[in-house]
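# Residue-level structure breakdown
Here is what each chain is made of, one letter per residue.
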Amino acid sequence: MYINSKSQVKEIIDQVPEDYCIHISKRLESLRLLSKSLSKLSIKLRSNELLALVRFINEAIDQSEEWFQRAQKMVLPRGSVIHIPSSNITLMAIYSWLPSYIAGNMNYIRLSRRIDEEYIKNIISEIDLAIGVDESRRQIFYSGKVEDEITAITSKVADARIIWGDNETINMIKSKYPTNASIELNFKTRYSASLIDSQFYLNSDEDSKERLSRQYMNDSLLLSFNACSSPHYTFWLGSDSINIKAQKDFICKLKKLTSMQDLATGAITTENIRKLQTSAAIDNLDDKVLDIIRGKGVIKVSSNRNKRLREDLLKGFIYYIDAKDMNELSNIFPHSIQTLTYIGIIDSKLINQFLESLGERAPDRFVPTGEGLKFSLCWDGQNFLESLTRKVCVT
């Protein structure tokens, strides 16, 4: 249910029972209906992001059935959950809501003011039709003038709260809207990386190279790198000569894919280069600008300086870092990488050895290039179904 007026707030807060919860089988059946209706809507609107959401819904249904079968019988909803999603992903509100709905919770989902209101209302209407009138009264999407009031009230009474955003935003929300929730999941600023086997890339035919570069482009949100799972670092595996050859070809492919001329973002480029020069002066770096794509400098960084990269510069540049082999990559791999996408690394034994060698530095996800933005029920190392349910233990 979507609300945006104060007259609806008291009725929603006071009259919707938290303990009303349909069975998991009915919840999943309602999502199958939702998947079909959103699939039709995605065709009507020609929306790839809606198609991606449909794929997530279908995968979430299968994963949830398996999870509930493995779990103990006495698995109950957490209760009421408030969601405060980030605005950089248009459908983040829906992605955040869906696992909690599967878990059986009552949900309050704050919508970003930057989102097209009519677009999101169309999706919420399909949700209401799929889940039914009674259940829709427990799934509250809100925006507009009621944002502060509902967020403040529900933060105090909610059993769980989920916040998505950068560190500054999360700290502001926690300060402005205190909560008594027994569990709070804060998905803060994270960075990700890509790993490319240079020889594998060079051996690929032209069609495959274009496909891989397009998948990389999609993961990076058209090189904006605004998502935490976009590849802020790109590691190239191979000798110096092979790496530079692969990098030059890859850059050409990326530039070909970009529709916007670099001159259109000249101000951003100038600012980015100024920041790089300032950083070089402070840190005494000797990094090389390989090229500029869509206003972002492609910076070749020496591997022994990788760990010194400042996080405040990550969103301004595309960092290329060479590694001769997996052992060298293990030595220079940074901390707190959320997602590592890969091109050409197909030896599962080698992958497992590499991840084990990283220890606590291991990324939360290791997925093929093109799946960096693919959402799942396990995110940032957090299993949503486990976090948003509670088990009744009998001894």
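Everything below is about the structure shown above.
Residues numbered from 1 in each chain as written. Predicted model: local features only at pLDDT ≥ 70, side-chain atom pairs only at ≥ 80, totals over all residues. Heavy atoms only, no water.

## What about the sheet that holds strand S4 (residues 106-110)?
Spatially, 6 strands are ordered S1-S5-S4-S3-S6-S7 in an open sheet, and the strand pairing comes out parallel. At either margin of the open sheet sits one strand with a lone partner, and together these are strand S1 (2-3) and strand S7 (183-187). One ladder, built from 4 bridges, connects strand S3 (residues 80-84) with S4; its direction is parallel. By the bridge assignment, His83 is partnered in S4 with Ile109. Where helix H4 (residues 92-102) meets the sheet, it contacts S3, S4, strand S5 (139-142) and strand S6 (160-164), and its direction lies at approximately 170° from that of S4. (Pairing = 2+ DSSP bridges. Helix = DSSP H or I, 4+ residues; strand = E, 2+ residues; numbered from the N terminus. Contact = heavy atoms within 4.5 Å. Axes fitted to C-alpha atoms, helices over the stretch in contact; angles between N-to-C directions.)

## Regarding the environment of Lys156
Its location among the elements puts Lys156 in helix H7 (residues 147-157). Residue Lys156 is classed as exposed on the basis of its relative accessible area of 52%. Each C-alpha atom, one on Lys156 and one on Ala181, is 7.1 Å from the other, the two residues being 25 residues apart in sequence. If near-sequence neighbours (up to four positions away) are discounted, Lys156 is found in contact with Pro178 and Asn180. (Buried < 20%, exposed > 50% of the residue type's maximum accessible area, 1.4 Å probe, protein only.)

## So, the side chain of His83
Tracing the sequence through the fold places His83 in strand S3. For His83, the side chain forms a polar contact with the side chain of Ser96, separated by 2.8 Å. Looking at His83, its side chain comes within polar contact range of the side chain of Asn107, at 2.7 Å. In this structure His83 touches Ser96, Trp97, Ser100, Asn107, Tyr108, Ile109, Arg110 and Ile162, once residues within four positions along its chain are discounted. (Polar contact = N/O pair within 3.5 Å; in protein donor to acceptor, adjacent residues only side chain to side chain.)

## Considerations on the nonpolar core
Within the largest apolar cluster, 52 residues are counted, with the highest numbers of intra-cluster contacts made by Leu31, Trp97 and Ile123. The set of elements that each furnish at least two residues to this core consists of helix H2 (24-45), helix H3 (48-70), H4, helix H5 (117-131), S6, S7 and helix H15 (384-387). Broken down by element, this core gets its largest block of residues, 9 residues, from H3. If sequence neighbours within four positions are ignored, Ile123 has contacts with Leu38, Leu41, Leu50, Leu91 and Ile94. Counting 23 residues, the second largest nonpolar core, distinct from the first, contains Leu237, Phe317, Ile351 and Phe366. (Core = buried A, V, L, I, M, F, W, Y, C linked by side-chain atoms within 4.5 Å.)

## Overview of the packing of aromatic side chains
Counted by the stated rule, this structure contains 20 aromatic pairs. Arranged with centres 5.3 Å apart and planes meeting at 55°, the rings of Tyr95 and Phe375 form a pair that is tilted. Here Phe375 lies in the loop between strand S14 (365-368) and strand S15 (378-379) and Tyr95 lies in helix H4, a separation of 280 residues in the sequence. Taking relative accessible area as the criterion, Tyr95 reaches 10% and is therefore assigned buried. On the basis of relative accessible area, Phe375 is assigned to the buried category, the value being 6%. For the ring pair Trp164 and Phe384, a centre distance of 6.3 Å and an interplane angle of 35° mean the geometry is tilted. Placement of Trp164 in strand S6 and of Phe384 in helix H15 is noted, with a sequence separation of 220 residues between them. The exposure classification of Trp164 matches that of Phe384, with both residues buried. Among the aromatic residues, ring-to-ring pairing joins Phe56, Tyr95, Trp164, Phe187, Phe375, Trp379 and Phe384 into one connected group. Positioned over the ring face of Tyr201 is Lys209, at 5.5 Å from the centre of the ring. (Phe/Tyr/Trp six-rings, centres within 6.5 Å; stacked < 30°, edge-to-face > 60°. Lys NZ or Arg CZ within 6 Å of the ring centre and 35° of its normal.)

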